[in-house]
There are 2 protein chains.
Amino acid sequence: MRTLAHPAPASQRTGEAREQREYVTALARGLEVIRAFAGQDEELTLADIAKIVDLPRATVRRSLITLDALGYVEEKGRFFRLAPKVLTLAQAYLSSNLLPRVAHPFVQQVSSGLGESCSVSILHGTEIIYVVRSINKRLSALLGDVGSRRPAYCTSMGRVLLAHLGDRELDAYFAAVELKALTPYTVTDESELRLLLAKIRKQDYCLSDQQTEMDLRTIAVPLRNSTGLVVAAMHVTTQASRTTKRQMIDRLLPALRKAAVEMRGLLV
Amino acid sequence: MRTLAHPAPASQRTGEAREQREYVTALARGLEVIRAFAGQDEELTLADIAKIVDLPRATVRRSLITLDALGYVEEKGRFFRLAPKVLTLAQAYLSSNLLPRVAHPFVQQVSSGLGESCSVSILHGTEIIYVVRSINKRLSALLGDVGSRRPAYCTSMGRVLLAHLGDRELDAYFAAVELKALTPYTVTDESELRLLLAKIRKQDYCLSDQQTEMDLRTIAVPLRNSTGLVVAAMHVTTQASRTTKRQMIDRLLPALRKAAVEMRGLLV
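Remember, it's a predicted structure, so these values are computed and weren't measured experimentally. (Residues numbered from 1 in each chain as written. Chains lettered and ligands numbered in written order. Predicted model: local features only at pLDDT ≥ 70, side-chain atom pairs only at ≥ 80, totals over all residues. Heavy atoms only, no water.)

Caption draft 1: Highlighting the sheet that holds strand 5 (residues 127–134) of chain A. All names here are of chain A. Judged by pairing direction, the sheet is antiparallel, and its six strands sit side by side in the order 6-5-4-9-8-7 without closing on themselves. Either end of the sheet is taken by a strand with one partner, and the two such strands are strand 6 (149–151) and strand 7 (206–209). On average, each strand axis in the sheet is inclined to that of its neighbour by 30 degrees, with strand direction left out of account. In this structure, strand 7 lies alongside strand 8 (residues 216–224), joined through four bridges in antiparallel fashion. When the bridges of strand 8 are listed, D209 appears paired with R217. (Pairing = 2+ DSSP bridges. Helix = DSSP H or I, 4+ residues; strand = E, 2+ residues; numbered from the N terminus. Axes fitted to C-alpha atoms, helices over the stretch in contact; angles between N-to-C directions.)

Okay, structure coming up:
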């Protein structure tokens, strides 16, 4: 998974003095300011944002002035909020990248065929990022938008992706991640997780039972490209209270596997 | 519409010397590099990007090194492509802003109730930006993602939003926009458009017939906040070949109006 190598900022890399010198701190800070709004109130003051990104107010102010002038942020008195133009950045990814374009119709098909939510995600650092998502009406409306993140170790898609990392990449993952229990059932023991990943790799799917929230069950399969490399994962979510594990394997898994096979020739 | 004031960069404003000095060019350039990928091939070379953003290669290279180090861009040999982390920027907007959170369940409801695609957009400069979108299976899958843009003058949502601009704002709009025919039916005459907008304002909806593409008909209503200000527009799309204008007004418009009324108390 090539994305695992990316999260470290250039300043932490060794032997890349020239790249360090060329690293544009102002750009990095501006992007952090945009991300500071995630999950917060709609409107934040300069002081709020400075606290979230842990930078001096004068620095944050310059970012905000720039983002305001470009239309990414709106100022209203002493409050700032993100403007919808921020969505055009995501659109640049969605309209240029193959994975969301290929996966979108399959996600819709699986979701409407099963009457359950279906998503595709990729591994990024220690987290998965949702790339395509079709939300079933039974679940709350904005739960898990495209672009939202989850820890990899406790989600079925995350486990499928971890199961296909090389040994060194997996060691790096466990060195970087903090394993926390999100429910009483969450597996947080590294050796137990490693055994699970070996099993998932062998059976080529992962059923996750209430590992991230109570009553939530998900089942995921790897998505391979035409050369056989695992490039993403696809899952379907359901509720423990209405779907047994047996039903998930008998009814949901075949639909996921069918979609994964059909997508394989389409992904490079 | 406050967003109309934003697209001009700080450097073009008058009497804002201090803000001009504080404008962070490196941030602006980095965001332009991200947007350069929109609608392009998945992978671009440094030369491709420099050409699209019209900046020297050395400048673009510094942006790419930074974006790569932060995980927003992936480098593969001499090619660059956007990484899914770009989606987390949009997620910051979607998770913090009231409009997408409020509109999402209504868009889903209208869409599933009518069996047609439904969207919400806002006016930004001379364009509308899709903020929420529910796509009906009959239409091609990625047509019009969230964050994608359309010209305002020829779309039903755009016309609804233009119809509620003040006189000075509307004059500024017509001074800035280039009116082009996208189909043989597109109205591109300013005085004809102004008459249409007056009519739309009075009837409080806009039916647009094949103005952006052949066979596409859409009908839109304004979305008002609790103080009565128009903050967004909502539309439903259908095909001229299967839905008459009469049917649109009798069947689609009431569903849109009902949603708009219900949303009114929820938007500030």
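Picking up where we left off.
Caption draft 2: Representation of unusual backbone geometry within the structure. Phi is positive for D204 of chain A, which is not a glycine, with a value near 65 degrees. You can see D204 of chain A is positioned in the loop between helix 9 (190–203) and strand 7. Positioned with a positive phi, D215 of chain B is a non-glycine residue whose angle comes to about 75 degrees.

Caption draft 3: Molecular detail of the confidence of the model for chain A. All names here are of chain A. Summing up the model confidence of chain A, the mean pLDDT is 85 and the portion of residues at 70 or higher is 88%. Residue range residues 1–15 is modelled with pLDDT below 50. Its contacts to residues more than four positions away, or to other chains, number 37 contacts. Note on residues 137–144: pLDDT under 50 across the span, and 19 contacts to partners over four residues away in sequence or across chains. Listed scores for the predicted complex are pTM 0.70 and ipTM 0.70. (pLDDT = per-residue confidence, 0-100. Contact = heavy atoms within 4.5 Å.)

Caption draft 4: Inspection of the packing of helix 5 (residues 86–96) of chain B against helix 6 (residues 98–114) of chain B at higher detail. Residues and elements named next belong to chain B. Interhelical geometry of helix 5 versus helix 6 gives an angle of 75 degrees and a closest axis separation of 5 Å. Between helix 5 and helix 6, the interaxial angle falls into the category roughly perpendicular. Counted together, Y93, L94, S95 and S96 of helix 5 and L98, P100 and R101 of helix 6 form the full contact between these two elements. Of the residues that constitute the contact of helix 5 with helix 6, the class distribution is four nonpolar, two polar and one charged. (Parallel < 35°, antiparallel > 145°, perpendicular 65-115°, else oblique. Nonpolar A, V, L, I, M, F, W, Y, C, P; charged D, E, K, R; others polar.)

Caption draft 5: Representation of the domain arrangement of chain A within the structure. When the domains of chain A are assigned, the result is domain 1 (12–86) and domain 2 (97–264). The gap between the C-alpha centroids of domain 1 of chain A and domain 2 of chain A is 31 Å. (Domains from an automatic or database assignment.)

Caption draft 6: Fine view of the side chain of S96 of chain A. Structurally, the position occupied by S96 of chain A is in helix 5 (residues 87–96). A polar contact is formed between the side chain of S96 of chain A and the backbone oxygen of A92 of chain A, at a distance of 2.9 Å. (Polar contact = N/O pair within 3.5 Å; in protein donor to acceptor, adjacent residues only side chain to side chain.)

Caption draft 7: View of the packing of aromatic side chains. Counting across every chain of the model gives two aromatic pairs over all chains. A ring pair is formed by Y173 of chain B and F174 of chain B, whose centres lie 5.3 Å apart and whose planes are at 70 degrees; its orientation type is edge-to-face. Looking at Y173 of chain B, the relative accessible area reads 1%, which means it is buried. Taking relative accessible area as the criterion, F174 of chain B reaches 8% and is therefore assigned buried. Above the ring of Y72 of chain A, the side-chain terminus of K85 of chain A is found at 4.8 Å from the ring centroid. Taking NZ or CZ as reference, R133 of chain B lies 4.5 Å from the ring centre of Y130 of chain B, over its face. (Phe/Tyr/Trp six-rings, centres within 6.5 Å; stacked < 30°, edge-to-face > 60°. Buried < 20%, exposed > 50% of the residue type's maximum accessible area, 1.4 Å probe, protein only. Lys NZ or Arg CZ within 6 Å of the ring centre and 35° of its normal.)

Caption draft 8: Geometry of the environment of T155 of chain B. All names here are of chain B. Relative to the helices and strands, T155 is located in the loop between strand 6 (149–151) and helix 7 (156–163). According to the relative accessible area criterion, T155 is buried, its value standing at 9%. Distance in space between the C-alpha atoms of T155 and D209 is 9.1 Å, their sequence separation being 54 residues. When neighbours within four sequence positions are excluded, T155 is seen to be in contact with I128, R150 and T212. Engagement of the side chain of T155 in a polar contact is seen with the backbone nitrogen of G158, the distance being 3.2 Å.

Caption draft 9: Spotlight on the sheet that holds strand 5 (residues 127–134) of chain B. All names here are of chain B. Across the sheet, which stays open at both edges, the six strands sit in the order 6-5-4-9-8-7 with antiparallel pairing between neighbours. In this open sheet, the two strands that pair with only one neighbour each are strand 6 and strand 7 (206–209). Strand-to-strand twist in this sheet, taken as the mean axis angle between neighbours without regard to direction, amounts to 30 degrees. Against the sheet, helix 10 (residues 245–264) touches strand 7, strand 8 (216–224) and strand 9 (230–239), its axis set at about 25 degrees to strand 8.

Caption draft 10: Main features of helix 8 (residues 167–176) of chain A. All names here are of chain A. Along helix 8, the residues that are buried comprise L170, Y173 and F174. Buried positions in helix 8, seen along its axis, are confined to an arc of 90 degrees and lie on one side of it. Exposed side of helix 8, more than 90 degrees from the buried face: R168, A175 and A176 are the residues found there. Where helix 8 is buried, its residues meet helix 7 (156–163) and helix 9. (Arc of directions from axis to C-beta.)

Caption draft 11: Quick peek at the pattern of salt bridges. Residues and elements named next belong to chain B. Evaluated as defined, the whole model comprises 28 salt bridges over all chains. D209 is the partner of K245 in a salt bridge, and the nearest nitrogen-oxygen pair spans 3.4 Å. Here D209 lies in strand 7 and K245 lies in helix 10, a separation of 36 residues in the sequence. For D209, a relative accessible area of 18% gives the class buried. (Salt bridge = Lys/Arg side-chain N within 4 Å of Asp/Glu carboxyl O.)

Caption draft 12: Molecular detail of the pairing of strand 5 of chain A. All names here are of chain A. Counted residue by residue, strand 5 has seven buried out of eight residues, so it is predominantly covered. The pairing of strand 4 (residues 117–124) with strand 5 spans seven bridges and is antiparallel. Within the sheet, the bridge partner assigned to V120 lies in strand 5 and is V132. Turn length for the strand 4-strand 5 hairpin, with the two strands adjacent in sequence and antiparallel, is two residues, and the turn residue G125 shows positive phi of about 65 degrees. Pairing between strand 5 and strand 6: three bridges, direction antiparallel. Across the sheet, I128 pairs through a bridge with R150, a residue of strand 6.

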